[in-house]
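Observations on chain architecture
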Amino acid sequence: MNIRQLVVKDYLESLTERDELNRIFPLLLESMEFEILSKPTEYLGLQEYGKDIVAVGIDEDNVKRRFYFELKGGADRNITTRNFYGKDGIQESITEATYTPFVSAYPKFEDLPLKVIIVHNGVIEGGLQKTFENFLVKISNSVDNTVFERWDIARLTAMFSENLFGAYLLTDSSTTKLFNRVLVNLDTSDGISRDFVKLIDSLFEKNEWKEYRTRIPRKWQLLFESLKLISFIIYTESKEYNNLDITKRYLTHLVLRYWYWILKNNLESDENILKYFNQVMKFFYEVLQQYFDRTLSIAQAKDGLYAENGGMYEQVGYTQRTFDYLAYFLILVNMEKACFKDYDLLDAKTGVHNVIRYNSVSKRPLLDIHSVVIVNTLELFIETDDIDSAIAYLKSVLATIRYRKEKSGMLPDANNSIQNVIKYTVTGTKPVYYSDSTSPILAILLEYIALFDLEAEYDQMRIFVKKYDITLGLFIPHHSKNSVSEELIEDKENDLEEQLFSKPLRDGYQVDTRLTKNLINDLPFEEFKEKMEKRKDEFIYEYRTDKAGYSFLKDLAHFYFQTPYFPDKWRNIKLNGLLKSVR
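Another point: the side chain of Ser439. Note on placement: Ser439 falls in the loop between helix H16 (418–427) and helix H17 (440–451). Separated by 3.3 Å, the side chain of Ser439 and the backbone nitrogen of Leu442 make a polar contact. Apart from the residues lying within four places of it in its own chain, the contact partners of Ser439 are Asp368, Ile470, Thr471, Leu472 and Gly473.

This is the structure:
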């Protein structure tokens, strides 16, 4: 057995829960070009009479057949006397699969010869082997046009090695080493490993995409199946550490890299490609659901996101953890809002409101990129007509920023380096690369002050900005529809979205928001609002991602690659008379 098969065998044997085999086995069938008619995840809790998976495909003898697969994983992965006999045992499952019909609209389904297969990621008890074979011979003699097989860990190892792992993932020693290092180092940092980035890049770059006529070439189908496989492997390994945050981080990178590849090849409207992407996207969504199902009740308790054993790090760690938590919670909200027409935004707002209420550090941004969380929170409150909560949250954030600057001399770091924040907090000395003389986050929040017509807060911030000589700089990409600086674009190989989904976006310029006129006199609030209104169309862009229905992916990309929101995110907000109702 070569190194690839050893890796595959170890992984398959590690699937100790029944649902894990249920998820991964259909990937194998799809890679082998089976047409799956039903899956165990679709019939969870329903009696399917020995048919966890029903499929149609070409057998090894080139005969087209119906296939009934009965999966035995978890505690039942080894076939023993205990799970062979008795109620719900293998003997009963095979009998039910054989004699209980499966109704399908598939053309001439009933006319196809049948193969019933027991699939288990283990072995069969030595003394039971002969009994099992005799049973299969006996039942096959009683039915026509039906054969039986058993696929054990050895058979599965060979099949997964050839059709999935060996197709893209473990094709050579270099890829195998990368993959092994990824798994070994999953829990060694709070980010993702460089090996994982290299691995995913190498898979996408292995072949050059070319247009197809009617069917996606098999080599690309295998890549897409491999990406699903990687997602699930990361998930199962993360469960070993009891840490779904690992899966959340790694799948974030995978989803964004996948979407970048789609945009790069202009495939965002190709339904065949999107079908595969949606499978990974759906799994990412399910992981986020599980993550927040497990943690939201804790996060809504008093200081629920505080780590009691964090020591001095919690001065920074508690805040960073809370903003990260809110970032993904709001991304999940926007994801569900986009996908489900009847989604209850009020319930989501309550969850966000409670996390903010019981974790006061949610109003204390440490990094400029925390503006993404603040903007999404304000957006949710506005969308649910809760202007009171939006204004209260905005005021709290502004007050905390002022207090922190006055007491410790710190504004949120515009370079978004949490390490620099830690050094500054612990030593009291500003690191060389800590940047807060320019504050993009305050430039954004001042526009919300204008939106909510908060004159008193404007006057406070104007005095504060002047006192500490803070430059209010807003990032504007060169790619606007009405841009006059397109010739300054440095990355001419990638458009705005392709940059957004692949790296921190730097192709743009800074526009200063001045709170003075004639460089000396204070700018009155009404004139500031007029000034902001005139800048409304400063940045206009038509996103392919929005048109494809995946606008929530932009939120994910902005946060992951630490690219601040562009002003089109908030400058088109309409309060529709809501402001008058709260005054």
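From this point, the narrative continues.
Ranked by internal contacts, the top residues of the largest apolar core, which has 172 residues, are Phe69 and Phe165. For this core, the leading source of residues is helix H11 (residues 271–299), giving 15 residues. Of all hydrophobic cores here, the second largest spans 23 residues; its members include Val54, Val116, Leu136 and Val143.

Moving on to the packing of aromatic side chains. Following the criterion strictly, the structure yields 50 aromatic pairs and no others. Ring geometry for Phe224 against Trp261: centres 5.7 Å apart, planes inclined by 65 degrees, an arrangement best described as edge-to-face. Of this pair, Phe224 sits in helix H9 (residues 218–240) while Trp261 sits in helix H10 (residues 244–264), and the two are 37 residues apart along the sequence. What makes Phe224 buried here is its relative accessible area of 0%. According to the relative accessible area criterion, Trp261 is buried, its value standing at 5%.

Here the focus is the sheet that holds strand E5 (residues 146–151). The mixed open sheet is built from five strands, whose spatial order is E1-E2-E3-E4-E5. Whereas interior strands pair on both sides, the edge strands pair on one side only; in this sheet they are strand E1 (35–38) and E5. Taken over all neighbouring pairs, the strand axes of this sheet differ in orientation by 25 degrees on average, direction set aside. Pairing analysis gives three bridges linking E1 to strand E2 (residues 53–58), with the strands arranged antiparallel. Along E2, the bridge assignment pairs Glu35 with Val56. Most of the contacts of helix H2 (residues 18–31) go to strand E3 (residues 64–72), to which it runs at about 160 degrees, and overall it touches E1, E2, E3, strand E4 (114–120) and E5.

When you line up the elements, Ala301 lands in the loop between H11 and helix H12 (314–339). Assessed through its relative accessible area of 34%, Ala301 is described here as partly exposed. Considering only alpha carbons, one finds Ala301 and Asn359, 58 residues apart in sequence, at a separation of 8.2 Å. Sequence-distant contacts of Ala301, defined by excluding residues within four places in its chain, comprise Tyr358 and Asn359.

Right, let's talk about the packing of helix H15 (residues 387–408) against H17 for a bit. Relative to each other, H15 and H17 sit at 140 degrees, their axes nearing to 11 Å. Classified by the angle their axes make, H15 and H17 are oblique. Where H15 crosses over H17, the handedness of that crossing is left-handed. Side by side, H15 and H17 meet where Leu394, Val397, Leu398 and Ile401 of the first sit next to Leu442, Leu445, Tyr448 and Ile449 of the second. Its residues assigned to classes, the contact of H15 with H17 comprises eight nonpolar, no polar and no charged.

Once that is clear, we can look at unusual backbone geometry. Even without glycine at this site, Asn62 takes up a positive phi of about 65 degrees. Among the structural elements, Asn62 can be located in the loop between E2 and E3. Residue Asp303 is not a glycine yet carries a positive backbone phi of 50 degrees. A relative accessible area of 31% means that Asp303 is categorised as partly exposed.

Before going further, it helps to examine helix H13 (residues 345–358). A rise of 1.5 Å per residue sets the reference length of H13, with its 14 residues, at 20 Å; its end C-alpha atoms lie 20 Å apart and thus fit the reference within 8%. Of all the positions in H13, only Leu345, Ala348, Lys349, Gly351, Val352, Asn354, Val355 and Ile356 are classed as buried. Buried positions along H13 lie against H11, H12, helix H14 (371–383) and H15. In this structure Asp344 caps H13, since a side-chain oxygen of it lies 3.1 Å from the backbone nitrogen of Leu346.

What follows is about the pairing of E3. Extensive coverage of E3 is indicated by the burial of eight of its nine residues. In terms of strand pairing, E2 meets E3 through six bridges, oriented antiparallel. Across the sheet, residue Val54 finds its bridge partner in E3, namely Tyr68. With seven bridges connecting them, E3 and E4 associate as parallel partners. The partner of Leu71 across the bridge, within E4, is Val119.

Turning our attention to the packing of H9 against H10. With their axes 8 Å apart at the nearest point, H9 and H10 run at an angle of 165 degrees to one another. By the angle between their axes, H9 is roughly antiparallel relative to H10. Crossing hand, H9 versus H10: right-handed. Between H9, through Trp220, Phe224, Leu227, Ser231, Ile234, Tyr235 and Ser238, and H10, the contact on the second element is made entirely by Leu244, Ile246, Thr247, Tyr250, Leu251, Leu254, Tyr258 and Trp261. Residue composition of the contact of H9 with H10, grouped by class: twelve nonpolar, three polar and no charged.

Glancing now at H11. Taking the largest bend as the criterion, H11 deviates by roughly 35 degrees, centred on Asp293. The opening residue of H11, the one whose side-chain oxygen lies 2.9 Å from the backbone nitrogen of Asn272, is Asp270.

Once that is clear, we can look at the side chain of Asp152. Relative to the helices and strands, Asp152 resides in the loop between E5 and helix H6 (153–169). Filtering out sequence-adjacent residues up to four positions away, Asp152 remains in contact with His120 and Gly122.

In regions of low pLDDT, the predicted coordinates are not meant to be interpreted in detail. Here the protein chain averages 92 in pLDDT, while 96% of its residues score no lower than 70. The model gives residues 43–47 a pLDDT under 50, and that stretch makes three contacts with residues more than four places away or in other chains.

In this section: the pattern of salt bridges. Considering all chains together, one arrives at 46 salt bridges under this definition. Across the pair Arg462 and Asp522 runs a salt bridge whose closest N-O atoms are separated by 2.9 Å. Residue Arg462 is located in helix H18 (residues 455–467), and its partner Asp522 is located in strand E9 (residues 521–522); the two are separated by 60 residues in the primary sequence. Using a relative accessible area of 15% as the deciding quantity, one classes Arg462 as buried. Looking at Asp522, the relative accessible area reads 34%, which means it is partly exposed.

The rules we used
Residues numbered from 1 in each chain as written. Predicted model: local features only at pLDDT ≥ 70, side-chain atom pairs only at ≥ 80, totals over all residues. Heavy atoms only, no water. Helix = DSSP H or I, 4+ residues; strand = E, 2+ residues; numbered from the N terminus. Polar contact = N/O pair within 3.5 Å; in protein donor to acceptor, adjacent residues only side chain to side chain. Contact = heavy atoms within 4.5 Å. Core = buried A, V, L, I, M, F, W, Y, C linked by side-chain atoms within 4.5 Å. Buried < 20%, exposed > 50% of the residue type's maximum accessible area, 1.4 Å probe, protein only. Phe/Tyr/Trp six-rings, centres within 6.5 Å; stacked < 30°, edge-to-face > 60°. Pairing = 2+ DSSP bridges. Axes fitted to C-alpha atoms, helices over the stretch in contact; angles between N-to-C directions. Parallel < 35°, antiparallel > 145°, perpendicular 65-115°, else oblique. Left-handed = near helix turned anticlockwise from the far one by under 90°. Nonpolar A, V, L, I, M, F, W, Y, C, P; charged D, E, K, R; others polar. Expected span 1.5 Å × (residues − 1). Bend = angle between axes of the 7 residues up to and from the residue. pLDDT = per-residue confidence, 0-100. Salt bridge = Lys/Arg side-chain N within 4 Å of Asp/Glu carboxyl O.

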